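Spelled out from the first residue to the last, the chains are:
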Amino acid sequence: MKKLFSVLLLAVLVLAAANTAFAARIGISMPTQSLQRWNQDGANMKERFEAVGYEVDLQFANNNVALQVSQVENMILNGADVLVISAIDGASLGGVLAVAKDEGIPVIAYDRLLMETDAVSYYATFDNYMVGTIQGKYLVEALDLDNRTDPVNIEITAGSPDDNNARFFYQGAIDQIMPYIEAGKVVVPSGQIEFEQVATLEWSSERAQARMDNLIAANYAGGQKLHAVLCSNDSTALGVTNSLLGAGFTKEEFPLITGQDCDIANTKNIIAGYQAMSVFKDTRTLAEQVVKMVQAIISGQEVEVNDTTTYDNGVFVVPTYLCEPVFADINNFEELLIESGYYTREQLGI
Ligand code: BGC
């Protein structure tokens, strides 16, 4: 009896050890907790990875590049089998990624491309150019640029220059609007049109707000009409909106503000009439796709990608899976955000 018990115990221990050896360890490095979306992205992925039996080491780097490097180093030291990284500065992780490559650890660039490295295996994101296209097309239609005869005034705010996505968003939108600028139908009174002039380091709401304060003081102090502000995402849109409110713009004369992410604060602004639209990127979809990619990598199967031409990181064109971004405004937010279970009514204060 005693012998049987020992044999059984041994069997259980061997099985447990085998099981532990099988529980792949995934290191997830997110840029910051200060923006809503990265908290959601991190939480969604952790939940899904754990649901398929993986161990997760989830870290947020507080928008601090050195901290992100050391967090990824620790993930490698702690035995990560796969790394999923959304970089603060896409080009800053080369050294630590080279170590990952030496150790044979596959790396997935999450939402933001890892630049200037051959140590990235795959990229998963939303179609970033399409995000900008949706914003630009929205302004063309909402301002009725094809039919109106009086010129409209707009200003432009873009994202962080160290994030490869920022130029895609900007370009997608500007390609829609540039023909109207060239035709004189759209005027940018500040004269700031180039990406470098309109970029917002770290996508900071405060920086976007401060820049807008200056633009208003320099160009709109005499009550000139401002029809729209093209903002690449919700954090910059929030800064711009706060600036406009601070400068006394009323709801009746509020410019059309674009955004991206459907953050709670911005969706509330859409409901209140202070933001015209946003672009919904369902982080659940992206998380799900990345979990699939990692499962395929770990089980040695082919990884599904749908774009092998767009995302050149300076060293090679990284095989990519693009999810589809969706236009969101006052008319469809309930269906997109509430009925889909993304937010509750309470979260949006309705
Ligand atoms: C993401 C956007 C986000 C921005 C700021 C970009 O890389 O694609 O969804 O708004 O970073 O965090």
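Source: prediction; values computed, not measured. (Residues numbered from 1 in each chain as written. Predicted model: local features only at pLDDT ≥ 70, side-chain atom pairs only at ≥ 80, totals over all residues. Heavy atoms only, no water.)

**Concerning empty space enclosed by the protein**
One pass over the full model with this rule turns up one cavity of 30 Å³ or more. In this structure, the largest cavity occupies an estimated 110 Å³ of space. For the lining of the largest cavity, the residue count by class is four nonpolar, three polar and six charged. Inspection of the lining of the largest cavity shows a minimum of three residues originating in each of domain 1 (12-120 + 282-324) and domain 2 (128-280). (1 Å grid on protein atoms, 1.4 Å probe; cavity = no way out; pocket = protein on both sides within 12 Å on 5 of 7 lines; lining within 4 Å. Points joined across faces, edges and corners; volume = space filled by probe spheres on them. Nonpolar A, V, L, I, M, F, W, Y, C, P; charged D, E, K, R; others polar. Domains from an automatic or database assignment.)

**So, the side chain of aspartate 282**
By secondary structure assignment, the location of aspartate 282 is in the loop between strand E10 (277-280) and helix H11 (283-298). Residue class for aspartate 282 comes out buried when judged on its relative accessible area of 14%. Not counting chain neighbours up to four residues away, the residues in contact with aspartate 282 comprise Phe126 and Tyr342. (Helix = DSSP H or I, 4+ residues; strand = E, 2+ residues; numbered from the N terminus. Buried < 20%, exposed > 50% of the residue type's maximum accessible area, 1.4 Å probe, protein only. Contact = heavy atoms within 4.5 Å.)

**What to know about the pattern of salt bridges**
This structure, assessed with the given rule, holds 12 salt bridges. Arginine 345 serves as the salt-bridge partner of glutamate 334, at 2.5 Å between the closest nitrogen and oxygen. Taken together, the residues span a long stretch of sequence, with glutamate 334 in helix H12 (residues 333-339) and arginine 345 in the segment after H12 at a distance of 11 residues. Among the charged side chains, a salt-bridge network with shared partners connects Arg37, Asp41 and Asp111. (Salt bridge = Lys/Arg side-chain N within 4 Å of Asp/Glu carboxyl O.)

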